[in-house]
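# Understanding the architecture of this molecule
The residues making up each chain are set out below.
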Amino acid sequence: QVQLVESGGGLVQAGDSLRLSCAASGRTFSSYTMGWFRQAPGKEREFVAEISWKGGKTYYADSVKGRFTISRDNAKNTVYLQMNSLKPEDTAVYYCAASVLGLTTMRADFGSWGQGTQVTVSS
């Protein structure tokens, strides 16, 4: 398994931007599909975005498409989530996750998880 630590969350206003980072430990980071999920209070954890192990393929939830961009730097063992035009409904704890499978939006397919970083968007 790979250990994941998220950072970059915070309190912003609607329309602002944030960039989340997820640092991974382990020599096999480049072999994982990496994803971002989020969980708002009282709601299920939901898929946000993912990126293939080489970075050539990405996939986004409809709710963030066109506003969020996922990227990775395998040399730095880090995956990023650039979030633009933030909305109050983006408020959630954001989790980084790793999967040994190909692109998948299923939470159960991700075997490694970070502890999460809080993003709060005020109106």
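As a starting point, this report considers the structure included with it. (Residues numbered from 1 in each chain as written. Predicted model: local features only at pLDDT ≥ 70, side-chain atom pairs only at ≥ 80, totals over all residues. Heavy atoms only, no water.)

## Here we look at the pattern of salt bridges
- Scanning all chains against the criterion turns up 5 salt bridges.
- With a shortest N-O distance of 3.6 Å, Glu44 and Arg107 are connected by a salt bridge. Separated by 63 residues along the polypeptide, Glu44 in the loop between strand E4 (33-39) and strand E5 (46-51) and Arg107 in the loop between strand E9 (92-99) and strand E10 (112-113) bring together distant segments of the chain.
- Its relative accessible area of 37% is what places Arg107 among the partly exposed residues.
- Among the ionic pairs, Lys65 bridges to Asp62, the shortest N-O distance being 3.1 Å.
- Accessibility expressed as a relative area gives 67% for Asp62, which makes it exposed.
- One salt-bridge network, held together by shared partners, links Arg38, Glu46, Arg67 and Asp90. (Salt bridge = Lys/Arg side-chain N within 4 Å of Asp/Glu carboxyl O. Helix = DSSP H or I, 4+ residues; strand = E, 2+ residues; numbered from the N terminus. Buried < 20%, exposed > 50% of the residue type's maximum accessible area, 1.4 Å probe, protein only.)

## Observations regarding the pairing of strand E3 (residues 18-25)
- As paired elements, strand E1 (residues 3-7) and E3 share 5 bridges and run antiparallel to each other. Bridge pairing links Val5 to Ala23 in E3.
- Looking at chain direction, E3 and strand E8 (residues 78-83) are connected through 6 bridges and run antiparallel. Each bridged residue has a counterpart across the sheet, and for Ser21 the counterpart in E8 is Tyr80. (Pairing = 2+ DSSP bridges.)

## Examining the environment of Leu103
- Counting through the fold element by element, Leu103 comes out in the loop between E9 and E10.
- Since its relative accessible area comes to 37%, Leu103 is described here as partly exposed.

## So, unusual backbone geometry
- With a phi angle near 55°, Asn77 is a residue other than glycine that sits in the positive phi range.
- As for its placement among the helices and strands, Asn77 is situated in the loop between strand E7 (68-73) and E8.

## Some thoughts on the packing of aromatic side chains
- Under the definition given, this model contains 6 aromatic pairs.
- Centroid distance Phe37 to Phe47: 5.7 Å. Interplanar angle 80°. Geometry classified as edge-to-face. Of this pair, Phe37 sits in strand E4 while Phe47 is found in strand E5, placing the two residues 10 residues apart along the sequence.
- Given a relative accessible area of 1%, Phe37 falls into the buried group.
- Overall, the relative accessible area of 13% leaves Phe47 in the buried class.
- The ring of Tyr95 has Arg45 lying over it, and the distance from NZ or CZ to the ring centre is 3.6 Å. (Phe/Tyr/Trp six-rings, centres within 6.5 Å; stacked < 30°, edge-to-face > 60°. Lys NZ or Arg CZ within 6 Å of the ring centre and 35° of its normal.)

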